[in-house]
Amino acid sequence: MFLVTGGVGDFPPSEADVMAGVLTEHGVEPSRIILEQRAKTTLGSVALCRDMLREYPPSTPVYLCSHRYHLPRASLSFRVAGVPIAGVIAAV
């Protein structure tokens, strides 16, 4: 499963929609993609994703994929929120 996060910025589509599109272009079945489309900030994404992840067993591994610059801050935010994650740098 892939949980993509991010709301609409100044112009549509949402960040989550864009990421879902990239995943499907690379062969991921849409049924394996969960969208969180309300977050406007990293902390908003953390809170909303944490709530969505509560539906899964605590032992479910969670991998956070983000840009090299953003990954340390986002990883720390998830860990502080109680979501144990492993970070993965996005290939750009």
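We now turn to the structure provided with this report. If you're wondering where the values come from, they're calculated on a predicted model, not measured in any experiment. (Residues numbered from 1 in each chain as written. Predicted model: local features only at pLDDT ≥ 70, side-chain atom pairs only at ≥ 80, totals over all residues. Heavy atoms only, no water.)

Considering the nonpolar core
- If you look at the biggest cluster of nonpolar residues, it comprises eight residues: Val46, Cys49, Leu64, Leu71, Ala74, Phe78, Val83 and Ile85.
- The set of elements that each furnish at least two residues to this core consists of helix H2 (42–53) and helix H3 (71–80).
- In terms of residues, this core owes the most to one element, H3, which gives three residues.
- Other than its neighbours up to four places away in sequence, leucine 64 contacts Leu71, Ala74, Ser75, Phe78, Ile85, Ala86, Gly87 and Val88.
- Counting residues in hydrophobic clusters, the runner-up holds six residues, among them Val4, Leu23, Val28 and Ile33. (Core = buried A, V, L, I, M, F, W, Y, C linked by side-chain atoms within 4.5 Å. Buried < 20%, exposed > 50% of the residue type's maximum accessible area, 1.4 Å probe, protein only. Helix = DSSP H or I, 4+ residues; strand = E, 2+ residues; numbered from the N terminus. Contact = heavy atoms within 4.5 Å.)

Overview of the pairing of strand E4 (residues 86–89)
- When strand E3 (residues 63–66) meets E4, the two strands line up parallel, connected through four bridges. The partner of cysteine 65 across the bridge, within E4, is valine 88.
- Following the backbone out of E3, through H3 and into the adjacent parallel E4, one traces a crossover that is right-handed. (Pairing = 2+ DSSP bridges. Right-handed = clockwise from strand over helix to strand, strands pointing away.)

Re the pattern of salt bridges
- For the coordinates displayed, the defined rule picks out two salt bridges.
- Among the ionic pairs, arginine 50 bridges to aspartate 51, the shortest N-O distance being 3.5 Å.
- Exposure remark for arginine 50: the relative accessible area of 25% places this residue in the partly exposed category.
- A relative accessible area of 37% means that aspartate 51 is categorised as partly exposed.
- For aspartate 51, the salt bridge identified is with arginine 54, shortest N-O distance 2.9 Å.
- Looking at arginine 54, the relative accessible area reads 59%, which means it is exposed.
- If you follow the salt bridges from partner to partner, you end up with Arg50, Asp51 and Arg54 in one network. (Salt bridge = Lys/Arg side-chain N within 4 Å of Asp/Glu carboxyl O.)

All we've got here are geometric facts, nothing functional implied.
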